[in-house]
Every structure is written in C-alpha cells, then in structure tokens.
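What the coordinates show
Read off the chains here:
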Amino acid sequence: MKFRLLSDSDLVAPKKLTRKGLIAGAAPLLVAGPLAKLALADNPAEHDHLQLASHTGNGQAAHGHAAMIGEQAPAVGGPRDLDALLYPPKPLPYRRGRVREYTLTAVDTEIEVAPGVIFPAWTYNGTVPGPVIRATEGDLLRVHFFNGGSHPHTIHFHGIHPANMDGVFEIVPSGGHFTYEFEARPAGLQLYHCHSTPLKKHIHKGLYGAFIIDPKDARPPAQELVMVMNGYDTDGDGSNNFYTVNGRSFYYAKYPITVRRSQLVRVYLANLTEFDLINSLHLHGGFFRHQATGTGDHWEYTDTVMQCQGQRGVIEIEFANTGHFMFHAHQSEFAELGWMGFFNVVD
Ligand code: CU
Ligand code: CU
C-alpha cells in the first residue's frame with residue numbers, strides 16, 4: 001500500500017504538525033507496519049518491551065512490538081537496492097595525468113523513504129544521496145552535469161578548485177548542462193551538493209553525495225562502506241520526519257551490513273541532514289578510529305562521532321567479536337525515526 005503524503009504544491013501552506021504528530025497522523029495508513037508501532041510506542045510500558053525481535057528469538061516480537069532487525073524491520077526495498085551507494089567504486093593507485101569522468105543528471109523523482117511514505121525528491125541520477133564520486137589526489141576530475149530537473153541547479157564540490165568550477169556562479173537552467181573540470185585535491189572525504197538558492201531547499205530535496213579523494217599514498221586495503229546521513233521533511237513544516245543513512249529509514253536494520261571480524265572496515269561518513277544542527281553515529285560493541293574530513297594525522301578513538309551539516313570523516317575499525325552490532329544516531333529521536341542499522345560481523 002502506498003500513499004502520497006504531500007506533493008511539492010501541497011507544501012505552500014504547511015500545516016503545523018509536530019514530528020510525532022506527523023507519524024501519528026500517518027499511523028492509520030501505516031498501522032500494519034512496524035514503523036508505526038515503533039513511532040507510536042510512546043508510553044513507557046511499551047518502551048520497556050521493545051525487543052530485538054528475531055535477534056533475541058524469545059517471541060516477544062509476536063506481541064505487536066516493533067521488529068528492530070531482519071525482515072520485519074520497517075524498511076523499503078530489497079537486499080541489494082542500496083549497494084551502489086554503500087559500496088564505493090574501487091580506489092585507483094595514483095597515476096600522473098589520469099582523467100576521471102562522471103556524468104550526473106538532475107532529475108525530479110518520487111522516492112519511497114519509509115514504507116508508504118513518498119518524498120518528492122530532486123536527485124542526481126535518481127537516488128538520494130547521489131552516486132559516490134571517487135578520484136585519486138592529482139587526477140583531473142571531469143563531471144558532466146545535465147539538468148533534467150524542473151529547477152535551476154548546480155554542483156558545488158568541496159575541495160580546492162578554481163572559482164569558475166565552484167557551482168555557485170554558473171547556475172544551470174532546466175535543460176542545460178555544464179562540465180566541471182578540476183584537479184582532485186586535497187585527499188579526504190569531500191562532498192558535492194547543489195548550490196542554487198534557496199540553498200536549504202535544494203539540499204534538503206536530495207541533491208548531494210559523497211566525494212572520495214584517495215591519497216597518493218593509498219590507504220591500507222579494507223572493506224569500504226559509504227554512509228551519508230540525511231533526513232526528510234515529509235510534511236513541509238521545516239523539520240525532519242524521517243532520518244536515514246543512504247536514503248531509506250531502517251534499511252540496514254532490515255538488511256544488516258555483513259563485515260568480517262578482525263579485518264579492517266573503513267566507513268566514509270558524511271552528514272547532509274538539513275534543519276537539524278547535528279547528526280551522529282554511535283556504534284555498539286566496538287571502538288573505532290575517526291579522522292575528521294578524512295585527512296591529517298589526527299585520529300580520535302571513540303564509539304560516537306558527531307557531525308554538523310557538511311562535516312564528514314573516515315572511520316576505521318576491526319571488529320573484535322562476531323554477531324550483530326547496532327549503529328545509530330545517538331540522538332534517540334533520529335534513531336527511532338529511521339537512522340538505525342546493524343553490522344553482521346562474521347568469521
Ligand atoms: Cu538545486
Ligand atoms: Cu557544502
């Protein structure tokens with residue numbers, strides 16, 4: 001069952017709804033879904049009984065409580081749907097004079113961010129976040145941008161580049177195109193996003209993605225993952241109703257990310273959440289090293305990292321134990337509204 005919460009044109013006169021109000025309002029339509037149960041479990045007695053459904057295997061989930069892991073978790077889609085966003089393109093060793101080319105096309109697309117919840121997004125290449133762009137420091141990056149959307153857009157890249165490649169002055173009208181070309185530097189986890197105004201709207205609608213610049217001295221081999229934190233304001237009141245990594249609420253709760261014990265896992269983590277000042281990632285059962293912006297000599301050793309909008313970093317971890325380990329925003333509200341998932345650590 002799908003329903004459409006609000007379209008763009010509906011947002012002209014936003015109703016005053018709180019986040020909880022929105023969820024509660026959506027509940028009659030979502031009532032069969034665990035998301036509604038999660039969201040509506042507002043009295044303390046309910047909270048006491050929230051269970052790690054299939055994880056604990058003790059049958060408590062059968063009493064109508066939310067499944068927090070596995071098939072019953074309230075996420076949209078199949079197990080491989082977000083692979084292209086989670087697993088970045090392979091790094092290439094530094095080679096003088098190489099050109100890396102990408103094509104990004106802005107398209108207006110309706111996306112289902114939680115079961116039955118449709119968001120009228122503006123996207124690069126049809127997904128929110130957009131595709132992962134990757135280059136090695138020193139590569140010439142050439143990005144062909146076509147604006148197939150209904151509004152003027154650009155691509156603004158973080159990094160060091162000429163003023164006329166900044167995506168601020170050359171606004172690309174609907175139907176237009178522009179080619180960005182600059183040397184990829186400095187190494188780190190950068191970002192790209194639209195810089196048309198109103199900026200808040202163009203970013204929140206979904207025009208952003210991760211941009212990895214590998215150092216000339218390659219990082220050690222690892223299982224690499226990309227996590228872009230975001231949110232969706234589905235009722236137009238200027239605050240988010242759903243939170244995700246890589247675009248869909250509870251997706252990695254439904255489909256835990258399999259990693260290997262004692263092997264290096266590297267997560268490229270970025271925050272593109274609009275409206276809220278910060279977002280965060282907290283990991284259960286392990287500590288990781290975190291390098292802000294994916295550059296420099298400083299690594300923090302922690303189990304929680306917070307990022308303002310536009311901040312990003314590189315996380316490295318070797319899991320010590322097998323099993324399921326939760327990761328989520330440590331803002332509990334964000335976690336309950338979709339920003340929660342699991343690693344499945346195996347031998
Ligand atoms: Cu835009
Ligand atoms: Cu930015």
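Residues numbered from 1 in each chain as written. Chains lettered and ligands numbered in written order. Predicted model: local features only at pLDDT ≥ 70, side-chain atom pairs only at ≥ 80, totals over all residues. Heavy atoms only, no water.

**Describing the overall build of the protein chain**
Going by this rule: Under the DSSP-based scheme used, a helix requires at least four consecutive residues in state H or I and a strand at least two consecutive residues in state E, with every element numbered from the N terminus. Each residue's exposure class comes from its accessible area (1.4 Å probe, protein chains only) as a fraction of the maximum for that residue type: buried when under 20%, exposed when over 50%, partly exposed otherwise. We call two residues in contact whenever any of their non-hydrogen atoms come within 4.5 Å of each other. For every accessible area listed, the method is Shrake-Rupley and the probe measures 1.4 Å; residues are considered covered only by the protein chains on display.
Along the protein chain, the regular secondary structure elements total eight helices and 19 strands. Per-residue burial over the protein chain gives 54% buried out of 347 residues. Taking the intrachain contacts of the protein chain between residues at least 6 apart in sequence as the baseline, contacts between residues at least 24 apart amount to 71%. For the protein chain, the exposed area adds up to about 14,700 Å²; of that, 56% sits on carbon and sulfur atoms.

**Quick notes on the coordination of the copper ion (ligand 2)**
Put simply, the rule reads: Coordinating donors are taken as N, O and S atoms within 2.8 Å of the metal, stretched to 3.2 Å for Na, K and Ca; because water is absent from the atoms, sites can appear incomplete.
Protein ligation of the copper ion (ligand 2) involves His158 (NE2) and His193 (NE2), the donor distances falling in the range 1.9 Å. Of this pair, His158 sits in the loop between strand E5 (156-157) and strand E6 (177-183) while His193 is found in strand E7 (residues 188-193), placing the two residues 35 residues apart along the sequence.

**So, the coordination of the copper ion (ligand 1)**
Taken together, His153 (ND1), Cys194 (SG) and His202 (ND1) make up the protein donors of the copper ion (ligand 1), found 1.9 to 2.1 Å from the metal. Taken in sequence order, the residues that donate to the copper ion (ligand 1) follow the motif H-x40-C-x7-H. In this pair, His153 sits in the loop between strand E4 (140-147) and E5 while His202 sits in helix H6 (residues 199-204), placing the two residues 49 residues apart along the sequence. Owing to a relative accessible area of 0%, His153 belongs among the buried residues under this scheme.

**Some remarks on the pattern of salt bridges**
Condition: Just to be clear on terms, a salt bridge is a Lys or Arg side-chain nitrogen sitting within 4 Å of an Asp or Glu carboxyl oxygen.
Enumeration according to the criterion identifies 13 salt bridges in this entry. Put simply, Arg142 and Glu181 hold a salt bridge, and the shortest N to O gap is 2.7 Å. With Arg142 in strand E4 and Glu181 in strand E6, this residue pair connects regions lying 39 residues apart in the sequence. For Arg142, a relative accessible area of 22% corresponds to the partly exposed category. For Arg266, the salt bridge is made with Glu224, and the minimal N-O distance between the two is 2.7 Å. Of this pair, Arg266 sits in strand E12 (residues 264-271) while Glu224 is found in strand E9 (residues 223-232), placing the two residues 42 residues apart along the sequence.

**Some words on the nonpolar core**
This is how the line gets drawn: Here, the term nonpolar core denotes a set of buried Ala, Val, Leu, Ile, Met, Phe, Trp, Tyr and Cys residues that are joined through side-chain atoms within 4.5 Å.
Met227, Ile257, Phe319, Phe327, Trp339 and Phe343 are the most contacted members of the largest nonpolar core, which totals 40 residues. If one sorts the elements of this core by residue count, strand E19 (residues 340-346) sits on top with four residues. The residues contacting Ile257, other than those within four sequence positions of it, are Leu86, Tyr87, Leu225, Met227, Tyr252, Phe327, Phe342, Phe343 and Asn344. Counting 23 residues, the second largest nonpolar core, distinct from the first, contains Leu104, Ile133, Tyr192 and Phe211.

**Observations regarding the sheet that holds strand E1 (residues 99-114)**
Either a parallel or an antiparallel arrangement is found when strands of a sheet pair, and the pairing is made through backbone hydrogen bonds. Stated precisely, the cut-off is as follows: Paired strands, in this sense, are two strands between which DSSP finds at least two bridges. Working convention: axes come from line fits to C-alpha atoms, limited for helices to the stretch in contact. Angles between N-to-C directions cover 0 to 180 degrees.
Within the open sheet, the four strands sit side by side as E2-E1-E4-E6. Their pairing is mixed. Two strands bound the open sheet, and with one partner strand each, they are strand E2 (117-124) and E6. Going from strand to strand, the sheet's axes swing by 25° on average, the running direction of each strand aside. Of the strand pairs in this sheet, E1 and E2 are connected by eight bridges, and their pairing is antiparallel. In the strand pairing of E2, Glu112 is matched with Ile118.

**Some details on the confidence of the model for the protein chain**
Applicable threshold: Values of pLDDT, which run from 0 to 100, indicate the predictor's confidence residue by residue.
Considering every residue of the protein chain, the mean pLDDT works out to 86; 81% of them sit at 70 or more. This stretch, residues 1-18, has a pLDDT under 50; its non-local contacts, to residues over four places away or in other chains, come to 34 contacts. Segment residues 36-64: pLDDT under 50, and 36 contacts once partners within four positions in sequence are set aside and those in other chains are kept.

**Concerning the sheet that holds strand E18 (residues 323-328)**
The strand order E11-E19-E18-E13-E16 describes an open sheet built from five strands, whose pairing is mixed. Only two strands of the sheet have a single neighbouring strand rather than two, namely strand E11 (257-260) and strand E16 (304-308). Each strand of the sheet is rotated relative to its neighbour by a mean of 25°, with strand direction disregarded. Here strand E13 (residues 278-283) pairs with E18 via two bridges, running antiparallel. Residue pairing for E18: Leu283 is matched across the bridge by Phe327.

**Topic: the environment of Lys205**
What counts here: Polar contacts, as used here, are pairs of N or O atoms within 3.5 Å; protein pairs need one atom able to donate a hydrogen and one able to accept it. Residues neighboring in sequence count only if both atoms are side-chain atoms.
If you trace the backbone, Lys205 turns up in the loop between H6 and strand E8 (208-214). Linking Lys205 and Pro129, residues 76 residues apart in sequence, is a C-alpha distance of 9.9 Å. Here Pro120 takes part through its backbone oxygen, which lies 2.6 Å from a polar atom of the side chain of Lys205.

**What to know about the side chain of Arg98**
Its location among the elements puts Arg98 in the loop between helix H5 (83-86) and E1. In this structure Arg98 comes out as buried when scored by relative accessible area, which is 8%. Dropping the residues within four chain positions of it, Arg98 is found in contact with Leu92, Pro93, Thr136, Asp139 and Leu140.

**A closer look at the environment of Glu333**
Its location among the elements puts Glu333 in helix H8 (residues 332-336). It is 9.1 Å that separates the C-alpha atoms of Glu333 and Tyr243, two residues lying 90 residues apart in sequence.

**Comments concerning the environment of Ala121**
Following the sequence through the fold, Ala121 ends up in strand E2. On the basis of relative accessible area, Ala121 is assigned to the buried category, the value being 2%. Spatially, the C-alpha atom of Ala121 lies 5.6 Å from that of Glu110, the residues being 11 residues apart in sequence. The residues touching Ala121, leaving out its near neighbours within four places in the chain, are Val107, Asp108, Thr109, Glu110, Ile111, Val128 and Lys205.

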